[in-house]
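In case you want the letters, here they are:
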Amino acid sequence: MALGEMDGEVSELDEGKNQDSGVTTTRNILESFTESQEVKELIGNLKGAFGQLVTREMIVEKFVGIMDKYQEQPHLLDRHLEWMMNSLLDIARDKGSPPQLVHLAFKFLYIITKVRGYKRFLPLFPHEVSDLQPVLDMLSDQNPKDSETWETRYMLLLWLSIICLIPFDLARFDGNVGAEEVQTRVPTMDRILNVAKCYLVVSDKARDAAAVLVSKFIVRHDVRQKRMADFLDWMLSMLSKSSFQSMEGTVVINGMLQALAQLFKHGKREDCLPYAATVLECLDNCKLSESNQMVLRKLGMKLVQRLGLTFVKPKVAKWRYQRGCRSLAANLQAQGPVVQKKVMTVAANEADDEEEYDIPGEIENVVEQLLVGLKDKDTIVRWSAAKGIGRITGRLPKELADDVIGSLLDCFSFQETDNAWHGGCLALAELGRRGLLLPSRISDVVPVILKALTYDEKRGACSVGSNVRDAACYVCWAFARAYDPAELIPFINQISSALVIAAVFDRDVNCRRAASAAFQENVGRQGTFPHGIDILTAADYFAVGNRANCYLTISVYIAGFPEYTQPMIDHLVNMKINHWDSVIRELSTKALHNLTPQAPEYMANVVLPSLLPLSVGTDLHIRHGAILACAEITHALCKLAEENNRSITYYFNEKSLEGLKQIHQELCSRQLYRGLGGELMRPAVCTLIEKLSLSKMPFRGDPIIDGWQWLINDSLKSLPLVSSAAQQHIKESAVSALAALCNEYYINEKGEADPALQDELVTQYVSELQSTEEMIRCGFSRALGALPRFLLKGRLQQVLEGLKEVTLISPANVSFAASRRDALIAIAKVCQTMGVKAEGSQEEYVCKDNVTQIYATLLGGVTDYTTDSRGDVGGWVREAAMTSLMEVTLLLVQNEAQLINANIETDLMERNWVAVSPLEHSASGRFALHLLPLGSLPVLFTSVESKFACLSRALHLLRGMG
């Protein structure tokens, strides 16, 4: 639940908002009802405009637009409600007004009521004695089945509900009539009851207003004496006869439940108590818990709790906990980290216990139904049940209330569903903020809430529990306001760490923000959270909106405080690296990398040894997260050792080093690189290879290097066997691992490669470029682009020729646009790796002997307009060619600009002019030919007319720089 902007009130629960953006909604903050004059004119024009359909609809639409602006600030209408209502009611009460105009006036009234709420509206209705008969007559003229005029019926029923409170016996309105007229005239009391009965069984919103009418009318002294029992019998009989299996039955049950709930809310206890047991029995017989209608279950829960409140005396429990002074200023000015425990007085002494009185047996039934309601499948029902638990517990004796709390804690079992955990958290929060959870129970409740803050139950390919974590934050928020700081001192470190972890590491943005708000409330109200202000500044409501920022930046700052370092690391290791969401697993491992400098010994001696067995375990997600975590932690420890001039063995013993080597061997022996799991295992182990290579692990000459090389090569070859979504990730991971592996383990002391190894590797990779599988060509093209200079030295021409062959279009490979794209990208990478030397050897440098060939290959890609079922796939090639042209040209300009001769300039001008013109209407037109960003002078081709001039100027600048 989003608690971020709470200030004294609990915001509504929010289930299903799993966004992860830092975008905030902008609200128009209004200062007054600025359209009052415009509204006056609209209301004044109703008489002249209601007859024309188009005009009428335009006026209504305009009025709705004005009123909707005030949905978030409805109080701004308060000063204007009375004159708006009187103006519209004058139209309705005018006997000369046509029915269509009357309906339009009531429609306007409903629109205002929808914004401001009927409770604020009710007292403003005229409620003189003279209004009773006209309103009843207008209601009698209405057709309950007319779907076009329901606003009229709704407003008339609300109006009648305030008129019926006039303090006169209704029998006086019947007058003195003759004997014959008595037989035909219905008494006013019966007319109102008949109206209520009529509209309690309709399917439109008039049913809600009829329930309000019943709650106001039945409790009148004269009506209560004469008609209350009969009317309740009628409602109960309608409940008994109706079934929620049919639509008609659902409508009737809805109306009866609303009326009963309103009646037991507004009626006096002594008036309702004689009927409460009968109503409860009838409600039990309806078995609403079996209904699929959420609204019926919610109304049933609302009625049950109000019946329960009727059974017990309306008194505040004397045993409840009272915090006393709640000054924020006093908390913030408290000296020292520990607040001295104050002597708290429970409103009455134990010896002076509350008076004894019998609790009706029906209360047990009520509490049981509410406890069952906490496990309902719908949030709105659980929320109603939680409020009922709080209200009823506050009226029970201390012993019975403690039994309720004990039963409530049974919801927090891992045999229960997430619904039970969520409902239980809501109920605990309600009890806490009412002072009904005594300090003696805090030790039982806190462990439960700590579990709820990390509740995440896997369901197939996802999990449930975000609403539980959200509600657990609500509990922490409520506790901050309810208890004296001294009561929570024993649990401060646990609660603060759990809230920080939820605020930074929770997957869902609403939970992170709820935890941040709860942390803020505790910092303000309790004043005992370690480093509370500093943390709150870094992890406020808006800062935690971005998940990556939370994991990689905010977490590092908070972990700098020793109280939070180890709990954060333990949470990532125990709860997040095995998460069902791969994005969370990867972010968690990167967070562990960033947190390693805060606790290097703990990482090396505790965390890493515990991860090594998991990295070869049976569960795919745990294995994937553990391998990535081992890679990141190892790399971080090695960087730390290097910064402090220590050897690698300072953090790693023989067992750890052997465990890191065994990961690949174990996975390979169990064939875990095959099948669906290979999509996760291959990139994970490639990342491990990359990080271990970058860490300069002492594995030179070890057989494990050959095993790693095999995995890289096999991953590049096996790309067609995995899903398209994983292909790119596997390819990039393998290429990155190859570059790091070669740079660390394939170079000797002289900075050269072993000739045999070089020949084998380059020859193999170039030969794979002729594969009939497009993805294999892609993978080995990128691999050649990633090879270091010492492996390409003496082989440059061979590599360029091989890549050039991939860029050529033939009938057999016309649809291989992705491989042509990757080959062009690889050519630019190879050129950057080898460097430029005008008079150098074409086997070792970009020089005058091969520069023309390189440009010809790149320029050939600019004119690739291949299309297939995927669309303009040639656009991928053109974009890659343009980018590679830019990179190669910049490389030449910065080193040997004279290599760009007149022929190359001509080709650039002519072929790119031909190439970019059609791009205006193609999918890649937005790439234009962003060629040659020369220092602060980016030359961007944006329009057809300016392309030639821009290109000529760019080449002229190049020649001048040369």
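None of these values were measured; they are calculated from a predicted model.

Q: Where do I start with the overall build of the chain in this structure?
A: Assigned secondary structure in the chain consists of 44 helices and four strands. For the chain, the residues scored as buried account for 54% of the 962 residues in total. Of the contacts made within the chain by residues no fewer than 6 positions apart, 75% connect residues no fewer than 24 positions apart. Approximately 42300 Å² of the chain is accessible, and the part contributed by carbon and sulfur atoms is 50%.

Q: Where do I start with the nonpolar core in this structure?
A: A general trend in soluble globular proteins is that nonpolar side chains are found buried together. Counting residues in hydrophobic clusters, the biggest one holds 301 residues, and the most contacted among them are Met 67, Phe 125, Trp 159, Phe 652, Met 697 and Leu 787. Once you skip the residues sitting within four places of it in the chain, Leu 787 turns out to touch Leu 738, Cys 742, Leu 761, Val 762, Tyr 765, Leu 792 and Thr 833.

Q: Which parts of the structure should I look at to understand the environment of Leu 213?
A: If you trace the backbone, Leu 213 turns up in helix H11 (residues 206-217). Given the relative accessible area of 0%, Leu 213 is considered buried. For the pair formed by Leu 213 and Ile 192, sequence separation is 21 residues and the distance between their alpha carbons is 8.9 Å. Other than its neighbours up to four places away in sequence, Leu 213 contacts Leu 157, Leu 160, Ser 161, Cys 164, Ile 192, Val 195 and Ala 196.

Q: So what exactly am I meant to see when it comes to the packing of helix H1 (residues 36-44) against helix H3 (residues 53-68) here?
A: Two quantities define a packed helix pair, namely the angle between the axes and the distance from one axis to the other. At their nearest, the axes of H1 and H3 sit 11 Å apart, and the two run at 155° to each other. By the angle class used here, H1 and H3 are roughly antiparallel. Note that H1 runs across H3; the crossing there is left-handed. Mapping the contact onto sequence places Glu 38, Val 39 and Leu 42 in H1 and Ile 59, Lys 62, Phe 63, Ile 66 and Met 67 in H3. Split into classes, the residues belonging to the contact of H1 with H3 amount to six nonpolar, no polar and two charged.

Q: Explain helix H41 (residues 851-862) to me, please; I cannot follow it from the model alone.
A: Since one α-helical turn is 3.6 residues long, residues separated by three or four positions face the same way. The end-to-end C-alpha distance of H41, which contains 12 residues, comes to 17 Å, matching closely the 16 Å that a straight helix rising 1.5 Å per residue would cover. Among the 12 residues that make up H41, nine are buried, leaving the element largely enclosed by the rest of the structure. All buried positions along H41 are accounted for by Val 851, Gln 853, Ile 854, Tyr 855, Thr 857, Leu 858, Leu 859, Gly 861 and Val 862.

Q: Is there a simple way to think about the packing of aromatic side chains in this case?
A: What describes a pair of aromatic rings is the distance from one ring centre to the other and the angle between the planes of the rings. For the structure shown, the criterion picks out 23 aromatic pairs. Consider the rings of Phe 125 and Trp 159, whose centres lie 5.9 Å apart with planes at 20°: the pair is stacked. Within this pair, whereas Phe 125 is found in the loop between helix H6 (118-121) and helix H7 (132-140), its partner Trp 159 is found in helix H8 (residues 150-163), the two being separated by 34 residues in sequence. Here Trp 159 falls in the buried class, since its relative accessible area comes to 0%. With 5.1 Å between their ring centres and 50° between their planes, Phe 505 and Tyr 551 make a pair best called tilted. Within this pair, whereas Phe 505 is found in helix H24 (residues 492-505), its partner Tyr 551 is found in helix H27 (residues 547-559), the two being separated by 46 residues in sequence. Accessibility expressed as a relative area gives 0% for Tyr 551, which makes it buried. Clustering of aromatic rings is evident, with ring pairs tying together Phe 412, Phe 414, Trp 421 and Tyr 455.

Q: Which parts of the structure should I look at to understand helix H30 (residues 600-614)?
A: Across its 15 residues, H30 extends 20 Å between first and last C-alpha, which sits within 8% of the 21 Å expected from 1.5 Å per residue. Along H30, the sharpest kink reaches roughly 40°, centred on Val 607 and followed within four residues by the proline Pro 609. On its buried face, H30 is in contact with helix H28 (562-576), helix H29 (582-595), helix H31 (620-643) and helix H32 (654-669).

Q: What's the story with the pattern of salt bridges in this structure? I'm lost.
A: Pairs may arise between side chains of opposite charge once their charged atoms sit close together. Using the criterion set out here, one finds 44 salt bridges in the structure. Notably, a salt bridge pairs Asp 506 with Arg 469, separated by 2.5 Å at the nearest N-O pair. Of the two residues, Asp 506 is situated in the loop between H24 and helix H25 (509-525) and Arg 469 in helix H22 (residues 466-482); the sequence distance between them amounts to 37 residues. One salt bridge in this structure joins Arg 674 and Asp 714, with 3.5 Å as the shortest N-O distance. In this pair, Arg 674 sits in the loop between H32 and helix H33 (678-694) while Asp 714 sits in helix H34 (residues 703-717), placing the two residues 40 residues apart along the sequence. Residue Arg 674 is classed as partly exposed on the basis of its relative accessible area, which comes to 44%. Linked through salt bridges whose partners overlap, the residues forming this network are Asp 456, Arg 469, Asp 506, Arg 507, Asp 508 and Asp 581.

Q: What exactly am I supposed to notice about the side chain of Ser 588 here?
A: Residue placement: Ser 588 occurs in helix H29. Apart from the residues within four sequence positions on either side, Ser 588 is in contact with Tyr 551, Leu 572, Lys 576 and Ile 577.

Q: Explain the confidence of the model for the chain to me, please; I cannot follow it from the model alone.
A: Caution is warranted with low-pLDDT regions, since their predicted coordinates should not be read in detail. Per-residue confidence for the chain gives a mean pLDDT of 85, with 86% of residues at or over 70. Across residues 335-354 the pLDDT falls below 50, and counting only partners more than four positions away or on other chains, this stretch makes 32 contacts in the model. Under a pLDDT of 50 for its full length, residues 913-951 has, in the predicted model, 67 contacts with residues more than four places off or in other chains.

Q: I keep staring at the packing of helix H40 (residues 817-834) against H41 and nothing clicks. Help me out?
A: One can describe the packing of H40 onto H41 by two numbers: an axis separation of 10 Å at closest approach and a directional angle of 150°. It follows that H40 is roughly antiparallel to H41 by the angle criterion. Relative to H41, H40 is oriented so that their crossing is left-handed. Contacts from Leu 824, Ile 827 and Cys 831 of H40 reach H41 at Ile 854, Thr 857, Leu 858 and Gly 861. Of the residues belonging to the contact of H40 with H41, the class tally is five nonpolar, two polar and no charged.

Q: When you look at unusual backbone geometry in this model, what are you seeing that I'm missing?
A: Leave glycine aside and you will find that most residues have negative phi; peptide bonds, for their part, are mostly trans. Its identity as a non-glycine residue notwithstanding, Lys 287 has a phi of 50°, on the positive side. Of note, the phi angle at His 531 is positive, near 55°, even though the residue is not glycine. Inspection of the secondary structure puts His 531 in the loop between H25 and helix H26 (532-538).

Q: Just checking my understanding: could you explain the side chain of Ser 496 for this structure?
A: In this structure, Ser 496 sits in helix H24. Ser 496 gets classed as buried once you look at its relative accessible area, which sits at 1%. Setting aside residues up to four positions removed in sequence, Ser 496 forms contacts with Phe 519, Phe 529, Pro 530 and Tyr 564.

Q: Is there a simple way to explain the environment of Lys 298 in this structure?
A: Here Lys 298 is to be found in helix H15 (residues 294-311). A relative accessible area of 24% places Lys 298 in the partly exposed class. Once the C-alpha coordinates of Lys 298 and Ile 380 are considered, the two residues, 82 residues apart in sequence, prove to be 6.7 Å apart. Residues within four places of Lys 298 in sequence aside, it is in contact with Ile 380, Val 381 and Ser 384.

Cut-offs applied
Residues numbered from 1 in each chain as written. Predicted model: local features only at pLDDT ≥ 70, side-chain atom pairs only at ≥ 80, totals over all residues. Heavy atoms only, no water. Helix = DSSP H or I, 4+ residues; strand = E, 2+ residues; numbered from the N terminus. Buried < 20%, exposed > 50% of the residue type's maximum accessible area, 1.4 Å probe, protein only. Contact = heavy atoms within 4.5 Å. Areas by Shrake-Rupley, 256 points an atom, 1.4 Å probe, with all protein chains shown as cover. Core = buried A, V, L, I, M, F, W, Y, C linked by side-chain atoms within 4.5 Å. Axes fitted to C-alpha atoms, helices over the stretch in contact; angles between N-to-C directions. Parallel < 35°, antiparallel > 145°, perpendicular 65-115°, else oblique. Left-handed = near helix turned anticlockwise from the far one by under 90°. Nonpolar A, V, L, I, M, F, W, Y, C, P; charged D, E, K, R; others polar. Expected span 1.5 Å × (residues − 1). Phe/Tyr/Trp six-rings, centres within 6.5 Å; stacked < 30°, edge-to-face > 60°. Bend = angle between axes of the 7 residues up to and from the residue. Salt bridge = Lys/Arg side-chain N within 4 Å of Asp/Glu carboxyl O. pLDDT = per-residue confidence, 0-100.

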